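One-letter residues, chain by chain:
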Amino acid sequence: MSHSHVSTTINGQAVQYACPTDASLLEVLRDQLGMTGTKEGCGSGDCGACSVSLDGRLVCSCLVLGVEAQGRTVDTIEGMADKNKLHTLQTKFLEHAALQCGICTPGVLVAARSLLEKNPDPTEQEVRYWLAGNLCRCTGYDKIIRAVLEAAKAMREEQA
Amino acid sequence: MQYIAPTTSAAAVAALAACNGDARLLAGGTDILVRLQADLVEPDLLVDIKHIVACQHITEDASGFIIGAAVPSAQLGEHARLSQVWPGIVEGMGLVGSTQVQGRATLTGNLCNASPAADGVPAMVAAGATACVVGPNGTRQLAVEDIPTGPGQISLANNEMIESFSLPPRPPRSSDAYIRFIPRTEMDIAVVGAAVNLTLDETGTCIAACVVLGAVGPTFITVNAAAEALIGSQVDEAALQAVQNACSTAATPISDKRGTAEFRKHTAGVIARRAAIVAHSRALA
C-alpha cells in the first residue's frame, strides 16, 4: 500500500501527515494524530459518530479518505471548546443531560454546530431532520433536541 | 492503491486509460468508501474528480443548467435558482442519506452506482437530462436515460467519466416533483419512487409531461401511457386516475424485505399520482 503525504488544516492549525492511500480520515485522526474525540461507530456512514466539518460541510470522516484532506480545512470536536471555556452547545448538553454513554456525543455536537452556523434559529423539526444521521442508543433523542434548541436560543441572545 | 486528483477531465481519462489494473473514479465516495472498507473492491487506482473545475459548479445560461459531476447534494439544495426551476431533481437527490451523506454524495454517483432504488435518477430522466461523457476519443453527450442498464450496471466504458449534466431550457409554467414511499420518515431506501415533469400552457392544459418510476424494476421505468394521460388534460381527476392506473400497470417490481410486488405495483400508482399533483401545483405557482 502506497503512502501519501498530506498537508491540511485541522481546527485552525496546519498539520502534515503521511497516510496509506486507503486510510479514512477517521483512521488518520484517531490512529495517526491521536485525536480520539472523533468516534468510530459503524464505519460505513450510517451512524454519524465520526462527523467532522470538511471545508465547512458536515461529513462522516469514515467516508472521506485521509488523502482527500490535502489543502482543505477539517474541524473536529477538539476545536469546539475555547481552551477551558465550553461551547454553548456543550454547556447545554450538560445542563439537559443530553448524553449518557457519550459515544455519539462528539458527532452530535459537531453536527449541531454545523446546523447552527447555517441556521441560527431552527425549528424542532429542522433539528430532528438535520440530526437524523446521528444515531444515539441511550437518550431517546429528546434531550438532545431540547439541548440544541436551548443552545440555539442562548447563542442568538449572545449575538443580540 | 494509488490516489490521484487531476485538475482536468482529459488528465483523469488519460489516467484511467493508462492503468493496467482496476481503476475507479471517486466523486463523493459514499459508495466506494464503504466498499473499500469492506474489502469488496481493491482498486489499483482511484481518480478523484473533485479537483476538476468543470466538475465543481452549477451554472445556468440560455440553454439551461449545467451541474458538475462532483457537486454534492447539499450544494444542489443551497442553489436557490436550481431549487426553484428543478425542485424535483433537488428533492430526489436530497432524500439520499443523512446530512453527512448529503455533504458528499453526488447525482453522478447515484446514477453510476445504478441502484434500482436510486432516488436521484427518476427526476433526472423525467427532466430529459443529458450527461457530458469524456473518454479517450473526446467528449460525447449521452441521455441520462441511456446510462443505467441494470442493477449495478451502466453503459459507460471503464475509461470514460461523466464531467457534468445538462438540463434543458425550461418553458414557463413548468415544474417537476419526486416522491418516494418508505416505511418511515427519513434515512431509508425507496420501496417505490416516482418523478413527474410537466409543462402547462396559458389555459392550464398540460402540453408536455414525463412520468418515471424508480425501485419497481431493474432500472427506472418511463411510463409513456401516464405522460399521454396528462398531455392535453387539465391534470384533473380523470387524468390523475389514468396516471395511477398506467403506473401500477407499468411497474415490474420484485417482492423483497421492503415490500411485496403486489404492494409495490399499487403504491407505484399512488405515488405517481401524488407526484403529478405536486408538479402540477408547482407549475401553477
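Rules behind the numbers
Residues numbered from 1 in each chain as written. Chains lettered and ligands numbered in written order. Predicted model: local features only at pLDDT ≥ 70, side-chain atom pairs only at ≥ 80, totals over all residues. Pairing = 2+ DSSP bridges. Helix = DSSP H or I, 4+ residues; strand = E, 2+ residues; numbered from the N terminus. Contact = placed C-beta atoms within 7 Å. Axes fitted to C-alpha atoms, helices over the stretch in contact; angles between N-to-C directions. Nonpolar A, V, L, I, M, F, W, Y, C, P; charged D, E, K, R; others polar. pLDDT = per-residue confidence, 0-100. Domains from an automatic or database assignment.

Undergrad: I tried to follow the sheet that holds strand β11 (residues 174-181) of chain B on my own but got confused; where do I start?
TA: Strand pairing within a sheet occurs via backbone hydrogen bonds; the two strands may be parallel or antiparallel. All names here are of chain B. The sheet built from 4 strands is open, its strands ordered β11-β12-β13-β14 with antiparallel pairing. Lying at the two open borders of the sheet, with one neighbouring strand each, are β11 and β14 (221-222). Summarising the sheet, β11 and strand β12 (residues 192-200) pair through 8 bridges and their orientation is antiparallel. Residue pairing across strands places Y178 opposite A195, the latter belonging to β12. Sitting on the sheet, helix α10 (residues 237-250) touches β12, β13 (206-214) and β14, and the angle it makes with β13 is about 35°.

Undergrad: Before we go on, may I ask you to explain the interface of chain B and chain A in this structure?
TA: Note on interface size: it is often stated as the accessible area lost on association of the parts. Every contact between the two is made by 20 residues of chain B and, on the other side, 25 residues of chain A. Elements with a minimum of two residues in the side of chain B that touches chain A: β1 (2-4), α2 (32-37) and α6 (99-102) of chain B. Looking at the side of chain B that touches chain A, the element that brings in the most residues is α2 of chain B, giving 4 residues. Among the residues forming the side of chain B that touches chain A, the class breakdown is 8 nonpolar, 9 polar and 3 charged.

Undergrad: For this particular structure, what's the right way to read the confidence of the model for chain B?
TA: Caution applies to low-pLDDT parts of the model: their predicted coordinates are not meant to be read in detail. For chain B, the average pLDDT comes to 97, and 100% of its residues sit at 70 or higher. Scored as a whole, the predicted complex attains pTM 0.95, and scored at its interfaces, ipTM 0.95.

Undergrad: I'm lost on the domain arrangement of chain A in this one. Help?
TA: Residue and element names in this part refer to chain A. We note that the domain assignment places domain 1 (3-79) and domain 2 (88-159) within chain A. Between the C-alpha centres of domain 1 and domain 2 the distance comes to 22 Å. Each partner contributes to the interface: domain 1 provides 14 residues, whereas domain 2 provides 11 residues. Considering each element in turn, the side of domain 1 that touches domain 2 owes the most residues, 3 residues, to strand β3 (residues 51-54). The residue makeup of the side of domain 1 that touches domain 2, split by class, is 6 nonpolar, 7 polar and 1 charged.

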